[in-house]
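Structural features, examined
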Amino acid sequence: MFGQPTRRDALRRAALLPAAPGLVLGGADPAAAQAPDGPKGGAGFRAGAATSNITPPLGGDIVGGFRPFPSDHVHDELHARCLVLDDGTARVALVVCDLLGAHRAVFDEARRLVTAETGLPGSHLFASCTHTHSATSALGKDRLAAKPGDLDEYQRFVARRVADGVRRAVKNLGPARVGWAVGSEPREVFNRRWFMKPGTVPVNPFGEATDQVKMNPPRGSPDLVKPAGPTDPEVSVLAVRRPDGRPVAVYASYSLHYVGGVRGADISADYFALFCDRLQQLLGADRQDPPFVAMLANGTSGNINNIDFTKKGERSEPYQKMREVADRVAEAAHKAYRTIAWKDAAPLAAKLDELEVGVRHPTPDQLARAKVVLAEKPKPDAPASLERIYAERTLRLNDWPDKIPLPLQAVRVGDVAIGGVPCEVFVETGLAFKAKSPFKPSWVVSLNNGYYGYLPTPEHHDLGGYETWLGTNRLEKQASEKILARLLEMVAGLKT
Ligand SMILES: [Zn+2]
């Protein structure tokens, strides 16, 4: 009974040890020591994945910047990538859409269709947008509308295609093993808000000289002092594969706004799609039937982009930079994937809540000034000035109710917890969630279930800058703290 340790014991211990520093692995799992997956794999746990094309017709407006312009080419198709997990009792669907963002009404409609057609509870559909800046809009004609009008044709199409993708993923359900790991790629994330030398931060579009930081400052400028916050280099990975080892899907997340660098008026899914393509190649998962599905969700990148502001910029060919970033992040995900302790079972759970959050309204001064700015006749053929754009936004936000219900979501897959927030979440909130969540690993996905603007922390509100401007930001100063607290409560509830 107490003889020499067996080889099985040694393998069991090996399975408990992290493979490399900085990697977070799952807990003890004797089956994890069997490599490759033994015949006992897939006892009850199932997974299926599918991808829906959501590319709009040419001619629709590309919406990433301040001034939309019509698309005239498709560099690469836009997709809704869908993964369904089934633990034998509960089912969860994870979806990532190649869109800048989508109005909450699009997700509500997708949820209604998915529940009607598959029986999946609405709370268990976790869908988000990547934030590619080279897509047309699923935000609706009036992207600042508090309440949606009727869904437009493209919004209805996206909801329909998300539901189709989930239905097809259900059809593709088959025995699977599940695992998770966290990799790192620190070279591609930079905080984009900078403290600058006194007097060098421009006056904001409201005519106020109150900003202490500048978003996207001039590169290599002698006026730069230091970045106004951290970055999060982690590449979070949740993966499923068949008992014979064939990859089914990888749901990854990285906290990088987007990369950009497209050609002209191209539609493109940005580095998010190139990541998926490269990871599929690294995993040897090409030409499977049904196809392997990789997905890259946007983590907490409200204040993070891909620009090293300490250096002067160098010219890149269209799509070159995007591919370099995608390759590096995919390599980090692949490295993490190879450390996964595969499991035959993992409990699934999800929760969808609404949190009442205050809306920011213009001050009487801001309102009066906006009316003055808009009373001036714009120069014919000149692009609208930032002053004018923000004056319009100021008036629109004045019509919003004082409080709105904000959809928040939490999903559990075994030891993993993922929080969903319908905003461009600042990295500090994501880091705090990771540190405080009872699940390891945990991460937040932005642009989940809707779009309610940037979500700076109260400290960043005090610093000012683009992301805090009224219209770019719509929610009360304390919103990020309230959201974080509620998300942590929600994931704690998934523990039991
Ligand atoms: Zn953005």
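Our structure is the block above this text.
The paragraphs below set out a description of the structure included in this document. (Residues numbered from 1 in each chain as written. Predicted model: local features only at pLDDT ≥ 70, side-chain atom pairs only at ≥ 80, totals over all residues. Heavy atoms only, no water.)

Each helix and strand counted, the chain has ten helices and 24 strands in total. Taken over the C-alpha trace, the chain has a radius of gyration of 23 Å; the compact-globule value for 496 residues is 23 Å, and the two agree within 12%. Oriented by its inertia axes, the alpha-carbon framework of the chain measures out at about 85 × 50 × 45 Å. Taken across its 496 residues, the chain has 57% of its residues classed as buried. As displayed, the chain has an accessible area near 20,800 Å², and 53% of this comes from carbon and sulfur atoms. Taking the average place of the 63 positive charges on the side chains of the chain and the average place of its 57 negative ones, the gap between the two points comes to 4 Å. (Helix = DSSP H or I, 4+ residues; strand = E, 2+ residues; numbered from the N terminus. Rg over C-alpha atoms; globule rule 2.2 N^0.38 Å. Buried < 20%, exposed > 50% of the residue type's maximum accessible area, 1.4 Å probe, protein only. Areas by Shrake-Rupley, 256 points an atom, 1.4 Å probe, with all protein chains shown as cover. Lys, Arg positive; Asp, Glu negative; His and termini not counted. Charge placed at Lys NZ, Arg CZ, Asp CG, Glu CD.)

One open sheet accounts for five strands, arranged 7-6-5-1-8; its pairing is mixed. Sheet topology places strand 7 (125-129) and strand 8 (174-175) at the edges, where each strand pairs with a single neighbour. (Pairing = 2+ DSSP bridges.)

This brings us to the side chain of Thr300. With respect to the helices and strands, Thr300 occurs in the loop between strand 17 (293-298) and strand 18 (304-305). Setting aside residues up to four positions removed in sequence, Thr300 forms contacts with Ser255, Val425, Phe426, Val427, Gly430, Val444 and Ser446. (Contact = heavy atoms within 4.5 Å.)

It is worth spelling out the packing of helix 8 (residues 427-436) against helix 10 (residues 479-493) at this point. In the contact formed by helix 8 and helix 10, the axes pass within 11 Å of each other and the chain directions differ by 30°. When the interaxial angle is binned, helix 8 and helix 10 end up roughly parallel. Considering only the axes of helix 8 and helix 10, their crossing is right-handed. Seen from helix 8, the contacting residues are Thr429, Ala432, Phe433 and Lys436; seen from helix 10, they are Ser480, Leu484, Leu487, Leu488 and Val491. Residue composition of the contact of helix 8 with helix 10, grouped by class: six nonpolar, two polar and one charged. (Axes fitted to C-alpha atoms, helices over the stretch in contact; angles between N-to-C directions. Parallel < 35°, antiparallel > 145°, perpendicular 65-115°, else oblique. Left-handed = near helix turned anticlockwise from the far one by under 90°. Nonpolar A, V, L, I, M, F, W, Y, C, P; charged D, E, K, R; others polar.)

Next up on the list: helix 6 (residues 364-375). With twelve residues, helix 6 extends 17 Å from end C-alpha to end C-alpha; this agrees with the ideal 16 Å at 1.5 Å per step. Taken together, the buried positions of helix 6 are occupied by Gln366, Leu367, Ala370 and Val373. Along the axis of helix 6, the buried residues cluster in a sector spanning 125°; they form a single face. Across helix 6 from its buried face, at more than 90 degrees, point the exposed residues Pro364, Asp365, Lys371, Val372 and Ala375. Its buried side turned inward, helix 6 meets helix 7 (386-398). (Expected span 1.5 Å × (residues − 1). Arc of directions from axis to C-beta.)

What follows is about the coordination of the zinc ion. Tetrahedral coordination by four donors sets the ideal angle at the metal to 109.5 degrees; octahedral coordination by six donors sets it to 90 or 180 degrees. Protein ligation of the zinc ion involves His131 (NE2), His257 (NE2), Glu424 (OE) and Tyr454 (OH), the donor distances falling in the range 2.1 to 2.7 Å. What the four donor atoms of the zinc ion show is an angle range of 80 to 168° at the metal, which sorts the shape as irregular. (Donors = N, O, S within 2.8 Å, 3.2 Å for Na, K, Ca; no water. Tetrahedral: all angles 85-135°; square planar, octahedral: opposite > 155°, others 65-115°.)

Below, the discussion takes up the packing of aromatic side chains. Tallied over the entire structure, the rule returns eight aromatic pairs. Measuring from ring centre to ring centre gives 5.7 Å for Phe206 and Tyr390, while their planes differ by 70°; the resulting arrangement is edge-to-face. Taken together, the residues span a long stretch of sequence, with Phe206 in the loop between strand 11 (193-196) and strand 12 (213-215) and Tyr390 in helix 7 at a distance of 184 residues. Judged on exposure class, the residue Phe206 and its partner Tyr390 are both buried. On the basis of an interplanar angle of 45° and a centroid distance of 4.6 Å, the ring pair of Tyr271 and Phe272 is categorised as tilted. Across this residue pair, the class does not change: Tyr271 and Phe272 are buried. Each member of the aromatic cluster is reached from another via a ring pair, and the members are Phe206, Tyr390, Tyr454, Tyr466 and Trp469. Cation over ring: Lys495 sits above Phe439, and NZ or CZ is 4.5 Å from the ring centre. (Phe/Tyr/Trp six-rings, centres within 6.5 Å; stacked < 30°, edge-to-face > 60°. Lys NZ or Arg CZ within 6 Å of the ring centre and 35° of its normal.)

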